[in-house]
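Observations on the model geometry
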Amino acid sequence: MKISEQGFNRKRYKVIIRTLIFIFYKDEILLLKGASDKKIWANLFNGIGGHVESGEDIYSAAQRELYEEAGITCDSLKQNGTIIIDINNSDGIMIHIFSGNVQSRIIVSSKEGELHWIPFNQLSNLPLVEDLFEIIPMVLDPKIEFISGLYQYVDEKLVMKFNNIIR
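Below you will find a few notes about this structure. Here the structure is a predicted model, which is why all the values come from computation and not from measurement. (Residues numbered from 1 in each chain as written. Predicted model: local features only at pLDDT ≥ 70, side-chain atom pairs only at ≥ 80, totals over all residues. Heavy atoms only, no water.)

So, helix α2 (residues 132-140)
What α2 keeps buried is the set L132, I135, I136, M138 and V139. One side of α2 carries all its buried residues, which in axial view fall inside an arc of 165°. (Buried < 20%, exposed > 50% of the residue type's maximum accessible area, 1.4 Å probe, protein only. Helix = DSSP H or I, 4+ residues; strand = E, 2+ residues; numbered from the N terminus. Arc of directions from axis to C-beta.)

Thoughts on the pattern of salt bridges
The tally for this structure, following the rule as stated, stands at four salt bridges. In this structure, R64 and E56 form a salt bridge, with 2.5 Å as the shortest nitrogen-oxygen distance. For E56, a relative accessible area of 22% corresponds to the partly exposed category. The partner of E68 in a salt bridge is R64, and the shortest N-O contact between them spans 3.1 Å. With E68 and R64 both in helix α1 (residues 58-70) and four residues apart, the pair spans about one turn of that helix. (Salt bridge = Lys/Arg side-chain N within 4 Å of Asp/Glu carboxyl O.)

So, the nonpolar core
Grouped together as the largest cluster of nonpolar side chains are 26 residues, with contacts concentrated most on F22, I29, L31, I83, I97, L132 and I135. For this core, the secondary-structure elements that each account for two or more residues are β1 (14-25), β2 (28-34), β5 (78-86), β6 (91-101), α2, β8 (144-154) and β9 (157-162). When residues in this core are grouped by element, the largest group, five residues, is from α2. Core analysis: the second largest hydrophobic core is formed by 16 residues, I23, L30, L32 and A62 among them. (Core = buried A, V, L, I, M, F, W, Y, C linked by side-chain atoms within 4.5 Å.)

Let's talk about the side chain of E28
Tracing the backbone through its elements, the reader meets E28 in strand β2. One polar contact links E28 to R105, side chain to side chain, over a distance of 2.8 Å. With residues near it in sequence (within four places) discarded, E28 still touches I23, R105, W117, I118, P119 and F120. (Polar contact = N/O pair within 3.5 Å; in protein donor to acceptor, adjacent residues only side chain to side chain. Contact = heavy atoms within 4.5 Å.)

Here we look at the packing of aromatic side chains
In the structure shown here, the tally under the stated rule is four aromatic pairs. Between Y59 and F98 the ring centres are 6.3 Å apart and the planes differ by 65°, which places this aromatic pair in the edge-to-face class. Separated by 39 residues along the polypeptide, Y59 in helix α1 and F98 in strand β6 bring together distant segments of the chain. Considering the side-chain rings of Y151 and F162, the 5.9 Å spacing of their centres and the 85° angle between planes classify their relative orientation as edge-to-face. Placement of the pair is Y151 in strand β8 and F162 in strand β9, with a sequence separation of eleven residues. The buried category is assigned to Y151, whose relative accessible area is 1%. (Phe/Tyr/Trp six-rings, centres within 6.5 Å; stacked < 30°, edge-to-face > 60°.)

Observations concerning the environment of D86
For D86, the position within the fold is in strand β5. In sequence terms D86 and Q63 are 23 residues apart; their C-alpha atoms lie 26 Å from each other. Once you skip the residues sitting within four places of it in the chain, D86 turns out to touch Y13, D91, L150, Y151, Q152 and Y153. In this structure the side chain of D86 is engaged in a polar contact, spanning 3.0 Å, whose partner is the side chain of Q152.

Given below as structure tokens:
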């Protein structure tokens, strides 16, 4: 297929592709506390991840981000779902959610922020990025096979909708 046959149209809805990765060790989750000088999510706990670069597939991007931000290589990485965030009528963000288990708590911090192993029972006490209060329990739920989410802004307030595939 030629490039001209791809049906690209600048007027169509476009997305920026990102990854969001949750790594588990026993009953703990690895979260990144955003550096205080970050443009977004400063001082908030988030999963590991970032943008997909040109020439990468989403799995390779997730592996790269995991290594860059935590010094981790995870062979058990699996995709848990996708979330689309509507920014306006023509632009959005698509987040591919991944998770994996590791056999060691050894991590290497990066300029992105400070890494912390957090016991599951302490998550509700942390300043998390707001959607993680819903996403993390879904990723941990063995009955949920795939998370499908749509976020939209109504009067500058984030409204999250999920249509999960149940096993």
